[in-house]
Amino acid sequence: MDDPRKVEGGSMPTSKKMVFLSSARAVWGGENSLLALASEIQRQNLADISLVSASEGLAELWRSEVNENVRVVRGGGRLRSMATFFWAALRLPSNSHAVAFDLIVVPPLALLRGVLRRRGVRLVIDVHDCPRPEQRMFVSIRLAAARFDAAIAVSRFAASQLERALPTEVVYRPVAVSERLPGFRFDQFRTIGVVGRIDPEKRVEFAIEVMRSAPADLQLVIRGSSSYAADGYAEKIVASAADLGSRVSFEGKVPKELVFDGLDALLFVSDREPSGRTLAEAQASGLPVVVVDAGGAAEFVQHGISGLKFEQNSSSSALTSLLALRESSELRETLSRGGFARARDEYDPATQARRYVDALERNEVGTNAAAGPRGVAGA
């Protein structure tokens, strides 16, 4: 494998500076997207990039996959993390882009806007998570976001959650895509997968509800580990599926290379997901996908071509889509090829890294008076 830190073409180092600030305590889909994006920016020498992280695990992966420019700070609870990143922001390099990669980082950077702007630091929010109105931080984040210079969102849905006066561009996140469509067997349809972090936002209980009305020969496999904020959700889900016996299995976290192994389709049920990295990875692997028609993930599927959509909150609609796949191997192959083609066109890491940096440059302080989402890079 090529070293992602190797400068392509032996070009001279760039003068652009980008600092990503992440308060994440664990590495989930958003952090994997960050690593994929950063490694390509580094490989193509698009910018001088670095990371400020509250996670030693993320920092170690950055050192391995991107470069040595990483600083670990002490995280913790919400207020402690805010204080930590307030002081970390005072050490940001002049004439740089400071990219808040978590919502907790937004308020402390907003407080320092005047100081940072005098030093030529431009404040950008990477919107791959959406604050909900019921969350305690919702109002403070929305107000703080208004003091930023720009935002880059993972989907139109994610962009719509922000302050509308903030110049925003949509850039789909990179996913590794093979040169050729991986081989799948389309002569059977038995195993449906739900893959990803196990927490209430993922709505795993909805997938279990769908299975209650499904034919007895269909199985649901749930892969992923519980998030630190799930508060017993995984245990409740396991208990709720007990009456379905072996038709629902919980496999926990599996190696990345085996995440879609043995599955005949991916069922994506979260209607609050900003984008859904798992969905994009499934398309890149050639696995047919069935997705709810709400939230950011719906943007990733053209119904009948790159996947199937079902009506939000309708288990019967979801089951209808799954049964359509079950009855037609031709449809399964069509969706496999269509999803893979979309992945090749819109998730390519090298292309999306350039689009991300280009979006930052178009939103330089004082040069962009546009407001609201400006379009999709990769659509």
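The rules behind these values
- Residues numbered from 1 in each chain as written.
- Predicted model: local features only at pLDDT ≥ 70, side-chain atom pairs only at ≥ 80, totals over all residues.
- Heavy atoms only, no water.
- Helix = DSSP H or I, 4+ residues; strand = E, 2+ residues; numbered from the N terminus.
- Buried < 20%, exposed > 50% of the residue type's maximum accessible area, 1.4 Å probe, protein only.
- Axes fitted to C-alpha atoms, helices over the stretch in contact; angles between N-to-C directions.
- Parallel < 35°, antiparallel > 145°, perpendicular 65-115°, else oblique.
- Left-handed = near helix turned anticlockwise from the far one by under 90°.
- Contact = heavy atoms within 4.5 Å.
- Nonpolar A, V, L, I, M, F, W, Y, C, P; charged D, E, K, R; others polar.
- Expected span 1.5 Å × (residues − 1).
- Pairing = 2+ DSSP bridges.
- Right-handed = clockwise from strand over helix to strand, strands pointing away.
- Salt bridge = Lys/Arg side-chain N within 4 Å of Asp/Glu carboxyl O.
- Phe/Tyr/Trp six-rings, centres within 6.5 Å; stacked < 30°, edge-to-face > 60°.

Undergrad: Just checking my understanding: could you explain the overall build of the protein for this structure?
TA: When helices and strands are tallied, the protein shows 13 helices and 14 strands. The buried share among the 379 residues of the protein stands at 55%.

Undergrad: Just checking my understanding: could you explain unusual backbone geometry for this structure?
TA: Unlike most non-glycine residues, arginine 203 shows phi in positive territory, near 55 degrees. Note on placement: arginine 203 falls in the loop between strand S8 (191–195) and helix H8 (204–212). In this structure, asparagine 313 takes a positive phi of about 65 degrees despite not being glycine. Inspection of the secondary structure assignment puts asparagine 313 in the loop between strand S13 (308–310) and helix H11 (315–327).

Undergrad: What is the right way to read the packing of helix H1 (residues 29–43) against helix H2 (residues 56–65) from this model?
TA: Two elements in contact, H1 and H2, have axes separated by 10 Å at closest approach and are oriented at 25 degrees. The angle between the axes of H1 and H2 places the two elements in the roughly parallel class. The hand of the H1/H2 crossing is right-handed. Taking contact as the criterion, the partners of Glu31, Leu34, Leu35, Ala38 and Ser39 in H1 are, on H2, Leu58, Leu61, Trp62 and Glu65. Class assignment for the residues of the contact of H1 with H2 results in six nonpolar, one polar and two charged.

Undergrad: Even after reading the chapter, I still don't get helix H13 (residues 349–362), so can you show me in this structure?
TA: Each turn of an α-helix holds 3.6 residues, which means side chains three or four residues apart point in the same direction. Here H13 spans 20 Å end to end across 14 residues, near enough to the 20 Å set by a 1.5 Å rise per residue. Within the span of H13, buried status applies to Pro349, Ala350, Gln352, Ala353, Tyr356, Val357, Ala359 and Leu360.

Undergrad: Could you clarify how one ought to interpret the pairing of strand S9 (residues 219–223) in this entry?
TA: Counting buried residues in S9 gives four out of five residues, a clear majority hidden from the surface. Of the pairings in the sheet, the one linking S8 to S9 comprises five bridges and is parallel in character. Paired with valine 194 across the bridge in S9 is isoleucine 222. Taken together, S8, H8 and S9 form a β-α-β motif whose crossover is right-handed. Where S9 and strand S10 (residues 248–252) come together, four bridges link them in parallel fashion. Paired with arginine 223 across the two strands is glycine 252, which belongs to S10.

Undergrad: Any chance you could explain the pattern of salt bridges here in plain terms?
TA: When the charged atoms of two side chains with opposite charge come close together, those side chains can pair. Taken as a whole and assessed by the stated rule, the structure comprises 20 salt bridges. Close ionic contact of aspartate 243 with arginine 212 constitutes a salt bridge, the shortest N to O distance being 2.6 Å. With aspartate 243 in the loop between helix H9 (233–240) and S10 and arginine 212 in helix H8, the pair connects residues that are 31 residues apart, well separated along the chain. Using a relative accessible area of 58% as the deciding quantity, one classes aspartate 243 as exposed. Here glutamate 327 ties to arginine 326 by a salt bridge, and the two come within 3.1 Å at their closest N and O atoms. Taking the relative accessible area as the measure of exposure, glutamate 327 reaches 59% and is therefore exposed. Assessed through its relative accessible area of 27%, arginine 326 is described here as partly exposed. A network of salt bridges, in which partner residues are shared, links Glu56, Glu60 and Arg63.

Undergrad: Would you mind going over the packing of aromatic side chains with me for this structure?
TA: Any pair of aromatic rings gets described here by the distance separating the centres and the angle formed by the planes. Here the structure, examined in full by the defined rule, presents seven aromatic pairs. Measuring from ring centre to ring centre gives 6.2 Å for phenylalanine 20 and phenylalanine 101, while their planes differ by 80 degrees; the resulting arrangement is edge-to-face. Taken together, the positions of phenylalanine 20 in strand S1 (residues 17–22) and phenylalanine 101 in the loop between strand S4 (97–100) and helix H4 (106–111) put the pair 81 residues apart, joining distant regions of the chain. Phenylalanine 101 carries the same exposure label as phenylalanine 20, and that label is buried.

Undergrad: I tried to follow the sheet that holds strand S12 (residues 289–292) on my own but got confused; where do I start?
TA: Backbone hydrogen bonds hold the strands of a sheet together, and the pairing may be parallel or antiparallel. The six strands lie next to each other as S10-S9-S8-S11-S12-S13, forming an open sheet whose pairing is parallel. In this open sheet, the two strands that pair with only one neighbour each are S10 and S13. The sheet shows a mean angle of 25 degrees between the axes of neighbouring strands, taken without regard to direction. Relative to the sheet, H11 contacts S8, strand S11 (265–268), S12 and S13, its axis offset from that of S13 by approximately 155 degrees.

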